[in-house]
Amino acid sequence: MRTLLVFITCSLAAVMAAPPQNKGIFINLENGELCFNSLQCKSSCCHRTSGVSLARCVHLAADKQECSVKTLYGTYYRCPCESGLKCKSGISIGGSITNTNFGVCYDPRDTAESS
């Protein structure tokens, strides 16, 4: 019994002394890591190329890149826009169901200045 107690105490001390890891297993995933939902990714975009492909974390869409509006599914064929940009797309019911409402990212401040 005393040996077991010493073993548990030493194990706990080793775990507490280990440096913390910033890399996540299920959340806080880096770009390129496999994901199921965008909430898992640091970049907030879990991207797949087709309906049968594995999804991976990738960067959000930049200015003038193809984008998707945010969906409930959590995985995208095109990622949402970076902060401050908007996705200009035609939204349809069919596109909402099939996750294919694609558009192009634009900066709303650029269009306001040119008007």
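Residues numbered from 1 in each chain as written. Predicted model: local features only at pLDDT ≥ 70, side-chain atom pairs only at ≥ 80, totals over all residues. Heavy atoms only, no water.

Engineer: Which parts of the structure should I look at to understand the pattern of salt bridges?
Structural biologist: Between side chains of opposite charge, pairing is possible as soon as their charged atoms come close. With the rule as written, the count across this model stands at four salt bridges. Residues Asp63 and Lys64 are paired through a salt bridge, measuring 3.8 Å at the closest nitrogen-oxygen approach. Look at Asp63 and you get partly exposed, because its relative accessible area is 33%. You can call Lys64 exposed: its relative accessible area is 68%. (Salt bridge = Lys/Arg side-chain N within 4 Å of Asp/Glu carboxyl O. Buried < 20%, exposed > 50% of the residue type's maximum accessible area, 1.4 Å probe, protein only.)

Engineer: Teacher, can you tell me more about the state of the cysteines here?
Structural biologist: Linking two cysteines covalently via their sulfur atoms produces the bond known as a disulfide. In this structure the tally under the stated criterion is five disulfides. One disulfide bridge connects Cys45 with Cys79, the sulfur atoms lying 1.8 Å from each other. Classification of the bridge connecting Cys45 and Cys79 rests on its S-S torsion, roughly -80°, and on that basis the disulfide is left-handed. Pair noted here: Cys45 is in the loop between helix H1 (2-17) and strand S1 (46-47) and Cys79 is in the loop between strand S4 (75-76) and strand S5 (86-89), with a separation of 34 residues, a long-range link. Accessibility assignment for this pair places Cys45 and Cys79 in one class, buried. Here Cys81 engages in a disulfide with Cys105; their sulfurs sit 2.1 Å apart. Judged by the torsion about the S-S bond (-105°), the Cys81/Cys105 disulfide is left-handed. With a gap of 24 residues between them, Cys81 in the loop between S4 and S5 and Cys105 in strand S6 (residues 102-106) connect regions that are remote in the sequence. Take the cysteines of the protein chain that form disulfides and number them in order along the sequence; they join up as 1-4, 2-5, 3-7, 6-9, 8-10. (Disulfide = S-S within 2.5 Å. Helix = DSSP H or I, 4+ residues; strand = E, 2+ residues; numbered from the N terminus.)

Engineer: I would appreciate a short explanation of a nonpolar patch on the surface in the present structure.
Structural biologist: Side chains of Ile25, Phe26 and Ile27 sit close together on the surface and give an oily, nonpolar patch of about 400 Å² of accessible area. Structurally, the position occupied by Phe26 is in the loop between H1 and S1. We classify Phe26 as exposed; its relative accessible area is 63%. (Patch = residues over 30% accessible without salt bridge, like charges linked within 9 Å, V, L, I, M, F, W, Y side chains within 5 Å. Areas by Shrake-Rupley, 256 points an atom, 1.4 Å probe, with all protein chains shown as cover.)

Engineer: Sorry if this is basic, but what is going on with the side chain of Ser68 here?
Structural biologist: With respect to the helices, strands and loops of the structure, Ser68 is situated in strand S3 (residues 66-68). Note on Ser68: relative accessible area 3%, which makes it buried. With residues up to four places along the chain from it excluded, the contact list for Ser68 reads Tyr76, Arg78, Cys79, Pro80, Cys87, Asn101 and Phe102. (Contact = heavy atoms within 4.5 Å.)

Nothing here speaks to function; it is geometry throughout.
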